[in-house]
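Below, each chain spelled out in residue letters.
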Amino acid sequence: MGKTYLYSYESIIVHGLPERSLATAGVRLASKVEISRVSDSDHLLQIRSPKLEEQNGFWPTDPFTPSSKLSETISACLSQPFKFEYTEGRVGSIFAPEDCPVLCTNLVRGVLNMLQITIKKSQNVYELQEAGIEGICQTRYVIQDDSKNKRATVSKSKDLTECQDKAVKNLGMAYIRPCTSCPLKARNIKGTVTFTYKMKYDDSGALLTSAMSDQVYQISPFNEPNGAAVMEARQELSLVGVKRPPLSAPTSQLQKQGSLRYHFSGELLQVPIPLIRIKNSDLQLTETLRQIVQNNEKGATKEASAKFLQMVQLFRVATLDQIESLWLQFVNELPYRPWFLSAICAAGATDTFRFLKQKIHDEKLNIWEAAVTLPLAFHFVTPNKKTLEIASTFLTCPQIQKVLMHRIIVYLGYGSMVNKYCAQALLCPNELLQPLHDLATEATSKGDAKDMSLALKAMGNAGEPASIKRILKFLPTFSSAAASLPNRIHADAVLALRKIARKDPAKVREITLQVFMDSTLAPNVRMVACVVLFETKPALPTVSALASSLLTEPSLQVASFAYSHMKALAAGRIPQLYKLSAACNIAIKLLGPRLDRLSYRYSKVIEISDYSSQYQAGAIWRVYLMNSPSAMFPSDIITKVRGYYADTATDIIEVAFRSQSLSKLLRKQNIPFAEYDTYKTLKELGKSLLGWKELPPEDPLVSAYIKVLGQEIAFADIDKDAIQQMMMSLTGSSDWQPVVKKVVEEVQRGLSGRWTLPVVVGEMRHIVPTVAGLPLELGLCGAAVAQAAVDVDVKVSPPVSDNFRPSQLWETKTDIHADIRPKAYLHMIAVMGINTQYLQSGFEFHAEFSANATMKFDARINMKEKNLKIETLPCHQEVELAAVRSEAYAISRNMEEVDSEKKSQILPKGEIPNISDQLLQSTEGSPMPGSWKQSSIPNVISKGYQQGSEEAHHNSAGRRFYARKFCKKFESLGCSTCLSLKSQNSAFLRNTYLHKLFGEFEAKIILKPVHTDADIDKIQLEVQAGAKAASKIIEVSSSGSKEEGETSTYKDIQAKLKKILGIENVFTASNKTRRRTKRINREYNTADTGLWAEPSTAHLSSSSSSSAASSADGREPGDHPRKDERRQSGKTRGSKSSSRSSSGSSASSKACSSSSSSSSQEDHSGDRHCSGDSDYSNQQANPPVYQLLFKPEDEQDTGREILNISISSSSASDEDISRAMSQPKFLGDNKPPILAAVLRAIHRNTQPTGLQLALFTDTQPKRWRIQMFGSSITGPSRWKLCADASVINYRKVSGFLKWGKDCQDYQIGTQIATGQFAAYPAMQMKLDWLKVPSIIRTTARWFYSFLPGAAYVLGFSQRQQLGPSHQATLVMALTSPRTCDVVFKLPELTIYDTAISLPLPVPSHPSAPISTSSSSDWKVFSQATLSIIESLKGHCTVFQNKITTFNGVEFNYSMPASCNHVLVQDCSPELKFLVMVKRLEESADLTAINVRLASHEVDMYVSNGLIQLKINGVQAPKDLPYTSNSAASMLISSEKKGLTLKAPDYGIDKLYYDGHRLEIHVAFWMAGKTCGICGKYDAEIEREYQTPSGYLAKDAVSFGHSWIISEDPCTGACKLQHKLVKSEKPVSFDKTAAKCYSVEPVLRCVKGCSATQTVPVSVGFHCVPADSALSLDGQPRLDQKSEDVLSSVSAHTACSCQRQACPA
């Protein structure tokens, strides 16, 4: 007491990389510290003579330099003493002078933190949780006691990643979810601090003589062990002396400032950008805004974006009055508004938010400005009580309520604000959620589905467990009132639980599991519940329970979805989901492979994910495809991308699309179904079918939503009313024609304007304290600017008339003058270091992206003449199209010297580090000098392409500087494009991503003019289609007039055309090449009879390298002997082995050998698969798929003997066609071109230069061919481009592309052929290349390097196998309608897989004879598409006792004679049709049908062996077809042995009846809307036996019986009716007698008739006590009752009637 202890204090903070040769930035504070004890616990501390020094550059060359002005500022705030409580080594409360800045108080905390020490006298080594400046962290003590000398050394260390209560501040990271269970290894920021104390003690106490601390933070942005930046902070406190007089008491009153824990305050205002000294914010804001607009208008977007971030900083400290005065100053100046409004949003302060509210309330912003501003404002605003109060007034603002789009944005934004506020608050007040709960209550009372959806989505954004009770009111599982709500509201209610699951996963898991298990809900609601359930990361018991429920799941849609979701999760590699993946992996073992084989009709989850454990980063892309029973294709699609980084996860983006009854829009509209007799008949019929109800009506609806960072920002529900309202608001009419007219009129007015949208793209900051009391910040912020200047003038002639029709557009001429200049700029700043309002020190990384395009052109479109002409100006000056730049600096700034910042490049300018540095770093783990060369940037461009590039490498030993430039000149257009690359980084020291970023990088694409002999005036592109195409080419290439070209005969035009295009030279050169190739082939092709290789052969190939239908062969001479050898071996082996002798195989081999010698290029002898097929299969029963060979269709003669002579002759003609098509032939000899295109540069004094292109086609019944020729329009250049493609019958599509001198330099050929692969129908795609440019080879090699890895990831097998060196072949074989085999052969690699599931079934009839009718052969490819579409339609068949439903379920059912069954009917509210069937009494095989359509009743039956047709009870005339005259047509015609009825507008595509067989095909838009014996056509095969009431029958017989229509027993022929029956077997429960009644009625004879035939059926029974009053009287059904017993009873199927009490 009464003494003052004098200490010298020094703290140093340095930022750098571990390598000593790179730049560093640091701060040093030196001072004297005086401490006095004034009472038992109170002490005073005075810091005197503080000196602040900054270091920036390369240590030790650039030493610490004093910052005298900042030292004076700090000295002023530390001039008075501070008081602190100190007891037994622990620092208590701290008291500071009243106006002392927080920074100075934190510097004092840094000193006092060194005095915090916990001594345990009984232990020398111990651990405890100790409070410090960094919070409460785990601390380990080691005490070394020198009792002889009365001295002690105390060491303590802290792991700063393992803190109970850490002092840390995160800003802008509300949507990044940390993983609490992740290991510490996954964290990319690791820190530790050590303290060493030396003290001497005696009986009176201990004296601290010195204290040292050393703190290290290692920051690894890419989670690389060697790629880490380091912040090191050191402190030293040494006792200098003791003086007697204590410190004088402070003159001003001290205020309590809390404990030793660091306080965050002032630094939160400072954005990580250069410091601004705020003196007069009014004036500074005005100047900054003016500078932004001036810079932007000059094109200096970089400076404008930097100033924009400064303006955001200034707005954060501006008052409401200052903002208002600035607004009044610039409100009418349009260029200033977007910058002003965007900065207001990004500032996110209370006053800026309040200002925005006022402007919207006063309607000072237009609709589109508000629509852009509101989402930004709600995203960036800092959530606190004041801003939330302002946000709630947005919800009730009348101006917001008027515009639906604004209302949606505001409610969703408010939900997001609540979520952010509650994420940082300990307790979330319920009042915040009240506006959302009120909206939900109001929407429910009004029955407003759109407001219900909005309320649920807003509560989902808020993500608070307090909303669960409200959400449950929208789910039928928990609220019976919700059953009447639309399914989409149920789905939205489940989705609203997703974010709540992060706070209360157990509760959400319990709710979603119940919803998933509730089979009464719609499948899509249950599937959404499955998605939310798995997002709660359930444990194995829950997942197993879900899996076991799928075994008995009645809905295959739900089962398929849940199974595929589990399967996708089981295959995941994301560490945060390891437990869930393991649980799913076990659970799917419970399920058989049945769910694996389900088709595209069933819902699926597709997942693509990857994770790098090296960099601790990964991503998942998921697509949820949810099918509904009433749609063939997914009705709900949700796709999302989630990113994982270190120990965090973020939902990046999610987009959903939901549709309902869209098929209605595809159908013919306005058919009055409700007015027809059928509608009334079906309504009456429904009464006799017990429990039958029509489906509820569904209006067409499309809805979509988008989520960014897990928050829904917008959604739209578009229904019929919304579309009509939109059209009414646009044109005042709900018809489409005025809308088209309005659009044309708007286009004619042109478009002119300037748009600018600046946005702060993000501001993320992670701040932790250092031991010195200064904050260490990792910050990322950025600004983006999107701009467009548009000036478009359009003239349409003739102008739009009042009686406009859209067809008039085909007669118009349109002139367009356009000047469009879009620009985009993005600037990102990353900071690591000290960032306060007084000083900044550390590293700054800047990355920029800019894109700039100018589109200035004139266009003329003449629709009548089929002419398009576009003109534009050539390059006049150098333009930077796109650029990416990055640079990193070590920076030092302080507030007192704002204009003199210190900035150093990371790399030194001089030589590479000296040897001692290199050795030092090699011991630290960096590569040895010898390996530096290996870490240089790989040279990925081949030698052939390096000739035109400029390359420079400086300091090659370190490869620190890299520069390269690639240019491509287009002299004829006067332009050249260049790609320039420059980089200088520290990767030569350590090859990590961080070291690559630390330096400079630039990549840019430049467009610049090329100086040619003649100046180019303009560039013109002209396209002419139709009859004038040839004349256009002649007109361009000759000085003759246009008229002359048009009046000439086509022979003259043809001659000129051939001369202009250089056709003669092309075909002369082509024929020479062809003759040479044929001669080479003839030398070894004589003994060719097969292509089977021995199994031991190392290089099997199923393909040839010749080009398809081309004039030059793709084989290399070196390939020929090998192929010849393979053929010979195949022949020899085939002759030695025994084979199945058949006329087919012998004919095949004869045809093969005879055609082989005379085959043309088109025949591809290399693909032969003739003799030896059966022999090989005997030798090797199941060869691997990659050894099988493809047999083209035109080389198969299987079954040809059974065909007639005409087909054989047709086959011969096919070969002639094939040979003819392969001949080089100019199509222009017979037909003019159909299209001409000319690209030319028009010079002032010389002829135009450029390119021209002509397109020719030839279509004939069996073949189709297209040719394209391109050449220069002037000059002697013989460079040409030739392309030829042809389709021969349906069997082969082939083509080639050649270019170079007379099209001979380079060549690529391709062929697609159909055939057989083993026994399966297959298609082969082949690509041949003879010679290609080096750039294509380089690209192919690059692709080739990735191929094996990609194939492995996708699950394909691989085999190293040599093949033709210039050929790639892909074979796809259809092994079943739903699976295929794929073999992809490359020159050195074969990739293959078997039984790949196809998304759509492909119908295949390999055994059917091949049709050769000339009208249909070449259309097979389109027919294949049609057959796939046909296979999507529902097919129901009745033949004898066998019935096949629309869902493909087959069962046997013997119909009771003379009783009408509902075979199929429309169960939608439209009730369009009904088809009834009954078995005739005279024959068990014959049936009769009755069809009700519109006002028609059609009867088809057999009488006297002939099929009879009655329409409306009248015998139809014999002269079919019969057509109805109603609004929706019906056609009845004869086909084969029966009758066909077609009524596509009603949903019946085809009904075929021949007395024995009945087939019904319904349109795919009838999916889920039918009922009857044919089923619901909803793919739910497990629920096929549904009775009219929806009850699931136990067997096929009771199912069939339920659809019998009861008739009047007196007038009708059917004497059966449905009755409930009582069980005859005595039943007792708990020894109490009971009586049981059937739940569903059973077929029984009517009163007065007795059964002559019965059949047993299984029925469920409901049992009641024997004395219960329940009886069968007046009980039509008991299906609402529970099933207690399952029993078999007899159902009557035929009756004998003696007497019936019928009225006379």
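Residues numbered from 1 in each chain as written. Predicted model: local features only at pLDDT ≥ 70, side-chain atom pairs only at ≥ 80, totals over all residues. Heavy atoms only, no water.

A.B. asks: So what exactly am I meant to see when it comes to the packing of helix 4 (residues 301-315) against helix 6 (residues 337-347) here?
C.D. replies: For any two helices packed against each other, one specifies the crossing angle of their axes together with the interaxial distance. One can describe the packing of helix 4 onto helix 6 by two numbers: an axis separation of 8 Å at closest approach and a directional angle of 55°. Of the possible angle classes, the one that applies to helix 4 and helix 6 is oblique. For helix 4 against helix 6, the interelement crossing comes out right-handed. Residues Ala304, Phe308, Met311, Val312 and Phe315 of helix 4 pack against Trp339, Phe340, Ser342, Ala343, Ile344, Ala346 and Ala347 of helix 6. Here the residues of the contact of helix 4 with helix 6 are counted per class, giving 11 nonpolar, one polar and no charged. (Axes fitted to C-alpha atoms, helices over the stretch in contact; angles between N-to-C directions. Helix = DSSP H or I, 4+ residues; strand = E, 2+ residues; numbered from the N terminus. Parallel < 35°, antiparallel > 145°, perpendicular 65-115°, else oblique. Left-handed = near helix turned anticlockwise from the far one by under 90°. Contact = heavy atoms within 4.5 Å. Nonpolar A, V, L, I, M, F, W, Y, C, P; charged D, E, K, R; others polar.)

A.B. asks: Would you mind going over the pairing of strand 26 (residues 855-862) with me for this structure?
C.D. replies: Two faces belong to every sheet, and in a regular strand the side chains alternate between them. Where strand 24 (residues 813-835) lies against strand 26, eight bridges are found, and the strand directions are antiparallel. The residue bridging aspartate 815 from the neighbouring strand is arginine 860, located in strand 26. Hairpin geometry of strand 26 and strand 27 (residues 867-872) is characterised by an intervening segment of four residues between the two adjacent antiparallel strands and by a positive phi of about 60° at lysine 866. (Pairing = 2+ DSSP bridges.)

A.B. asks: Looking at this structure, how should I read the sheet that holds strand 51 (residues 1473-1479)?
C.D. replies: Strand-to-strand pairing in sheets goes through backbone hydrogen bonds, with the strands running parallel or antiparallel. Read across the open sheet, the seven strands follow the order 55-54-53-52-51-50-61; overall the sheet is antiparallel. Both edges of this open sheet fall to strand 55 (1514-1515) and strand 61 (1570-1571), since each of them pairs with a single strand only.

A.B. asks: Got a minute to help me understand the nonpolar core in this structure?
C.D. replies: Looking at soluble globular proteins, one finds that nonpolar side chains tend to be buried together. With 141 residues, the main nonpolar core has Phe315, Phe340 and Met566 as its most contacted residues. Considering every element that reaches this core, the biggest residue donor is helix 11 (residues 404-424), with 10 residues. Aside from chain neighbours lying at most four places away, what touches phenylalanine 340 is Leu289, Met311, Phe315, Ile323, Leu326, Trp327 and Phe355. Core analysis: the second largest hydrophobic core is formed by 86 residues, Tyr676, Phe1446, Phe1473 and Ala1596 among them. (Core = buried A, V, L, I, M, F, W, Y, C linked by side-chain atoms within 4.5 Å. Buried < 20%, exposed > 50% of the residue type's maximum accessible area, 1.4 Å probe, protein only.)

A.B. asks: What should I look at first to understand the packing of helix 8 (residues 367-380) against helix 11 in this one?
C.D. replies: Across the interface, helix 8 lies against helix 11 with an axial gap of 8 Å and an inter-helix angle of 10°. It follows that helix 8 is roughly parallel to helix 11 by the angle criterion. The segment helix 8 lies against helix 11, with Ile367, Trp368, Ala370, Ala371, Leu374, Pro375, Phe378, His379 and Phe380 engaging Met405, His406, Ile409, Val410, Gly413, Tyr414, Met417 and Lys420. Residues that form the contact of helix 8 with helix 11 fall into these classes: 13 nonpolar, three polar and one charged.

A.B. asks: What is the right way to read the packing of aromatic side chains from this model?
C.D. replies: Two descriptors summarise a pair of aromatic rings, namely the distance from one centre to the other and the angle between the planes of the rings. Throughout the structure, instances matching the rule amount to 25 aromatic pairs. Considering the side-chain rings of phenylalanine 315 and phenylalanine 340, the 5.4 Å spacing of their centres and the 85° angle between planes classify their relative orientation as edge-to-face. Of this pair, phenylalanine 315 sits in helix 4 while phenylalanine 340 sits in helix 6, and the two are 25 residues apart along the sequence. For phenylalanine 340, a relative accessible area of 2% puts it in the buried group. (Phe/Tyr/Trp six-rings, centres within 6.5 Å; stacked < 30°, edge-to-face > 60°.)

A.B. asks: I tried to follow the pairing of strand 50 (residues 1461-1466) on my own but got confused; where do I start?
C.D. replies: The element strand 50 is extensively covered by neighbouring structure, given that six of its six residues are classed as buried. The pairing of strand 50 with strand 51 spans four bridges and is classified as antiparallel. When the sheet's bridge partners are listed, valine 1462 is paired in strand 51 with methionine 1476. Counted along the chain from strand 50 to the antiparallel partner strand 51, the turn is six residues long, and its residue leucine 1471 has a positive phi close to 45°.

Function-wise, these values are silent; they only describe arrangement.
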